[in-house]
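# Notes for the structure review
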Amino acid sequence: MNRTRIGLCYYSTASPSTSHFNQRILHLKNASGATKLNDALQLFDEMLQRQPLPNIIQFNQLITLVVKMKRYSTALSLFKQMRFMGIPTDLYTMTISINCHCRLNQVTYGFALLATIFKQGFPPDLTTYTTLIHGLVLADRVFEAVELFKKLLRDKLCEPNQVMYGTVFNGLCKVGHTTKALELLNFMEAGSCKPCVHHYSTVIDSLCKDRMVDNALELFTKMTEKGVLANIITYNSLIHGLCNFGRETEAAKMLIDMEEVGVSPSVVTFNILVNSFCKQGSVKEAELAVQAMVRRGLHPNIITYNALIDGYCLRGEIEEAENVIDRMMEQDIVPDIITYNSLINGYCKKKRIEEARHLFQEIQDKGLIPGVITYNTMLQGLFLSGNPAAARELFNKMQAKGLTPDIYTYRILLHGMCKNSQCSDALALFRSLGNEELMKDLDLYTILIDGYSKYGKRNLAMDLFDELCLKGLKPDVRTYTVMISVLCQQGLFGKAKDLLRKMEENGCLPDSVTYNVIVQEFLKQKAFQEAEILLEEMISRGFSTDSTTFEMLLNQISSTGQDSPMQTIIQKLTNIK
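If you're wondering where the values come from, they're calculated on a predicted model, not measured in any experiment.

Each value, and the rule that gives it
Residues numbered from 1 in each chain as written. Predicted model: local features only at pLDDT ≥ 70, side-chain atom pairs only at ≥ 80, totals over all residues. Heavy atoms only, no water. Salt bridge = Lys/Arg side-chain N within 4 Å of Asp/Glu carboxyl O. Helix = DSSP H or I, 4+ residues; strand = E, 2+ residues; numbered from the N terminus. Buried < 20%, exposed > 50% of the residue type's maximum accessible area, 1.4 Å probe, protein only. Contact = heavy atoms within 4.5 Å. Axes fitted to C-alpha atoms, helices over the stretch in contact; angles between N-to-C directions. Parallel < 35°, antiparallel > 145°, perpendicular 65-115°, else oblique. Left-handed = near helix turned anticlockwise from the far one by under 90°. Nonpolar A, V, L, I, M, F, W, Y, C, P; charged D, E, K, R; others polar. Expected span 1.5 Å × (residues − 1). Polar contact = N/O pair within 3.5 Å; in protein donor to acceptor, adjacent residues only side chain to side chain.

### Here we look at the pattern of salt bridges
Scanning the entire structure with this criterion turns up 28 salt bridges. Across the pair Lys174 and Asp140 runs a salt bridge whose closest N-O atoms are separated by 2.9 Å. Remark: Asp140 occurs in the loop between α7 (126-138) and α8 (142-154) and Lys174 occurs in helix α9 (residues 162-174); sequence separation between them is 34 residues. The exposure class of Lys174 is partly exposed, given its relative accessible area of 44%. Taking the shortest distance from any N to any O, the salt bridge between Arg247 and Glu250 comes out at 2.8 Å. Among the ionic contacts, a cluster of salt bridges with common partners joins Arg501, Glu504, Glu537 and Arg541.

### Notes on the side chain of Thr93
Residue placement: Thr93 occurs in helix α5 (residues 91-103). Thr93 sits in the buried class, given a relative accessible area of 1%. The residues contacting Thr93, other than those within four sequence positions of it, are Ile56, Asn60, Phe79 and Met82.

### Describing the packing of helix α25 (residues 442-454) against helix α27 (residues 477-489)
Packing of α25 against α27 brings their axes to within 10 Å, and their N-to-C directions diverge by 20 degrees. Classed by the angle they form, the pair α25 and α27 counts as roughly parallel. Between α25 and α27 the crossing geometry is left-handed. When α25 is examined against α27, the residues Leu442, Asp443, Thr446, Ile447, Ile449, Asp450 and Ser453 are found in contact with a partner set consisting of Arg478, Thr479, Val482, Met483, Val486 and Gln489. Split by residue class, the contact of α25 with α27 holds six nonpolar, four polar and three charged.

### Remarks on the side chain of Thr446
Mapped onto the elements, Thr446 comes out in helix α25. Beyond its immediate chain neighbours, meaning those up to four positions away, Thr446 contacts Arg478, Thr479 and Val482.

### Brief notes about α7
Under the 1.5 Å per step criterion, the end-to-end length of α7 is 18 Å for 13 residues, consistent within 8% with the ideal 18 Å. Inspection of α7 places Thr128, Tyr129, Thr130, Thr131, Leu132, Ile133, Gly135, Leu136 and Val137 among the buried residues, and these make up the whole buried set. Along its buried surface, α7 packs onto α5, α6 (107-119), α8 and α9. Where α7 begins, the capping side chain belongs to Asp125, and its oxygen is found 3.2 Å from the backbone nitrogen of Thr127. Looking at the residues trailing α7, positive phi occurs at Asp140, about 60 degrees.

### So, unusual backbone geometry
For the peptide bond that leads from Gln51 to Pro52, omega is -5 degrees, which places it in the cis range. The residue Lys70 is not glycine, and still its phi comes out positive at about 65 degrees. Considering the arrangement of structural elements, one finds Lys70 in the loop between α3 (56-68) and α4 (72-84). Exposure remark for Lys70: the relative accessible area of 62% places this residue in the exposed category. We note that Asn105 has phi near 60 degrees; this positive angle belongs to a residue other than glycine. One can find Asn105 in the loop between α5 and α6. Given a relative accessible area of 56%, Asn105 falls into the exposed group.

By themselves, these are just geometric observations and shouldn't be taken as functional.
What follows is the structure, encoded as structure tokens:
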């Protein structure tokens, strides 16, 4: 029998127990259940005690099993035991250990093992380098991953394969460097290792997420022209991208196209369409998509039903949403927290607050845990129904349960309090936040400025505007519009016009609401010449008046006669409309 002495242990290259251990490792591969890890550890201990020792291949196979269970720390402890026992490791063992360190966000230790590999005289192979690149990507060190990849190419340390390219594509797309991913795709197309459908799909998905859906469609065409067949992931990414742009008709056509080339849509594919139709308010089309799904033998799941419920609630059709609940229960699908959130939102929008409260309690009775979104929805409903005291009480309960309010919680609170003439309390709450990020939120400032202006405390509103500017915050069109209204109400029309010009200088263009607000204020003050100039400017930019402004113009003409200069403005506005 061939064997090599290492310390007091013998490493066997051929052992009568080889077959025995192979059978047990194979059994573990096919096993499942809670005892699988313990069985693997017990087998490892037996292997350590066997003389001569089993071969390194069997140790590697066993540790790989532990890694596949995602027990990376345990796998590393086995690796350390092997080294302590003096069992010689090979490149495969070292690569497994590098992978474990990378999975535990310890990529630095992975590179330390790479140095050990060099010291032991093992030339790292493609798998070793791919593992390290993947580790850098997992650690959000994508730039370093790309630099390592470039070094491998430049120094010809190894010839990248599709797996390594795929790892780099994933990294680039993960951090939004889609243009770089496209460049790499072109480089790969020109080389000997050609891109496959997974590489194209990764870049297509990233383009769609970057709202470059037309570029994604172009790449899709290019891919198919090169003979690379799209798969379900490719089509799902494109359908999702089209739906995000409100291009549901094209998305539905793509579903037909994919079937024609033999790619069957999945439940995920249909859910993308159902969700998009519902968000657009086209619940009938969403129901037709569900029917098409069922005809193909696919079963709607909780995501499908939740989309329909949310769609009906957004339309205020609560009874229809309740019917969907009945349908899903018939399929033995239990409502989850998302289902309840949609229903509560629907009841709140219809000001049926008692029914919303009943559902909120039902959530807890059924063992579900209300999240921040659930509380936010209830808070909004309570304020909307004119019950600010109950809203504040619910907010206190939310904090008592250990839930951290998010920025939307505070926006709902401040808006609700200001709407209910509690601006001083809203400002006090804002001052008490103690979070630098929250206290630099532009929307919170805008809510307070708007609240104080409507509450008659315009000087305080102006002070808050000055404060946000001193903090280096850049007002958006809504903030500027509110402040222009405040200045006009103070009779400071010159300053209001100056602020209108200043917002443009700061790169914030006024919108239709801005013009309507300032025009209405000038009309109230009978400053018709100024109003006329602003109306001409407004029309030239493609904006139109709202119903209030238009009615004020008609009243002005009726009081001054048909020769009013506003008559021409009315004519232009009528042509626009």
